[in-house]
Amino acid sequence: MLDKRSYKLLDSLLHICGEDGSYKIIEYADIARAVLPRYKIDNENILQIIKFLAAAELVDVKYTDESVVCVAILPKGRIYEEERMARNQNKVMGKGMAFLIIFGSFFAAIIGAIVGGLLGSFMT
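Residues numbered from 1 in each chain as written. Predicted model: local features only at pLDDT ≥ 70, side-chain atom pairs only at ≥ 80, totals over all residues. Heavy atoms only, no water.

**Section: the overall build of the protein**
- On a plain count of helices and strands, the protein comes out with four helices and three strands.
- Listing the helices and strands of the protein from first to last along the sequence gives α-β-α-α-β-β-α.
- Computed over its C-alpha atoms, the radius of gyration of the protein comes to 25 Å, more than 25% above the 14 Å expected for a compact globule of 124 residues.
- With respect to the principal axes defined by its C-alpha atoms, the protein has extents near 90 × 30 × 20 Å.
- When contacts within the protein are restricted to residue pairs at least 6 apart in sequence, those whose partners lie at least 24 apart make up 60%.
- By element, 64% of the accessible surface of the protein is carried by carbon and sulfur atoms, the whole surface being about 8,500 Å².
- With 15 positive and 15 negative side-chain charges, the protein shows a spacing of 8 Å between the two charge centroids. (Helix = DSSP H or I, 4+ residues; strand = E, 2+ residues; numbered from the N terminus. Rg over C-alpha atoms; globule rule 2.2 N^0.38 Å. Contact = heavy atoms within 4.5 Å. Areas by Shrake-Rupley, 256 points an atom, 1.4 Å probe, with all protein chains shown as cover. Lys, Arg positive; Asp, Glu negative; His and termini not counted. Charge placed at Lys NZ, Arg CZ, Asp CG, Glu CD.)

**Thoughts on the pattern of salt bridges**
- The final tally for this structure, using the stated rule, is two salt bridges.
- Here lysine 8 makes a salt bridge to aspartate 11, at a shortest N to O gap of 3.9 Å. Of this pair, lysine 8 and aspartate 11 both sit in helix H1 (residues 4–17), three residues apart, which is roughly one turn of the helix. The burial state of lysine 8 is the same as that of aspartate 11; both residues are buried.
- Across the pair aspartate 30 and arginine 33 runs a salt bridge whose closest N-O atoms are separated by 2.2 Å. Taken together, the residues aspartate 30 and arginine 33, both in helix H2 (residues 28–34) and three residues apart, mark about one turn of the helix.
- Using a relative accessible area of 31% as the deciding quantity, one classes aspartate 30 as partly exposed. (Salt bridge = Lys/Arg side-chain N within 4 Å of Asp/Glu carboxyl O. Buried < 20%, exposed > 50% of the residue type's maximum accessible area, 1.4 Å probe, protein only.)

**A look at the environment of isoleucine 41**
- Structurally, isoleucine 41 is set in the loop between H2 and helix H3 (43–55).
- Counting along the chain gives 55 residues from isoleucine 41 to glycine 96, while the straight-line C-alpha distance between them is 34 Å.
- Residues in contact with isoleucine 41, not counting those within four places in the same chain, are Leu9, Ala32, Val35, Ile46 and Ile49.

**Brief notes about the nonpolar core**
- Judged by nonpolar contacts, the single largest core of 23 residues is most densely connected at Leu9, Leu10, Leu13, Ile31 and Leu53.
- Residue assignment for this core shows that the elements contributing at least two residues are H1, H2, H3 and strand S3 (68–73).
- The dominant element in this core, judged by the number of residues it contributes, is H1, at six residues.
- Not counting residues within four places of it along the chain, the set of residues in contact with leucine 9 comprises Ile31, Val35, Ile41, Ile46, Ile49, Ile50 and Leu53. (Core = buried A, V, L, I, M, F, W, Y, C linked by side-chain atoms within 4.5 Å.)

**As for a nonpolar patch on the surface**
- On the surface, a cluster of nonpolar side chains totalling about 980 Å² of accessible area is made up of Phe99, Ile102, Phe103, Phe106, Phe107, Ile110, Ile114, Leu118 and Phe122.
- Taking relative accessible area as the criterion, isoleucine 110 reaches 36% and is therefore assigned partly exposed. (Patch = residues over 30% accessible without salt bridge, like charges linked within 9 Å, V, L, I, M, F, W, Y side chains within 5 Å.)

Here you go:
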């Protein structure tokens, strides 16, 4: 399981590298711009996280320099991203469905009470 900074960096690398799976030469400054500023990431942190992702076999690093890195996203990294997005989508759909059920039940109860009151007044 990745922490938030590692996941965000992997997500940024996925967007920068694209879908073709080829190696891309990326400057650390471009990666830092792609990751949100609240994560407070610098060149040293980027290199550490990329090494961690490489050890987890999510990315493959061809070479690194003081200002650039040559990296490719491995299939395991793409699958990790897809699974995480599917989990998040299920959570969002679950919240939306709960909202719909609660308010749908509320309005159905109000309409039922009104109809029951009207029927009761006509019956007597």
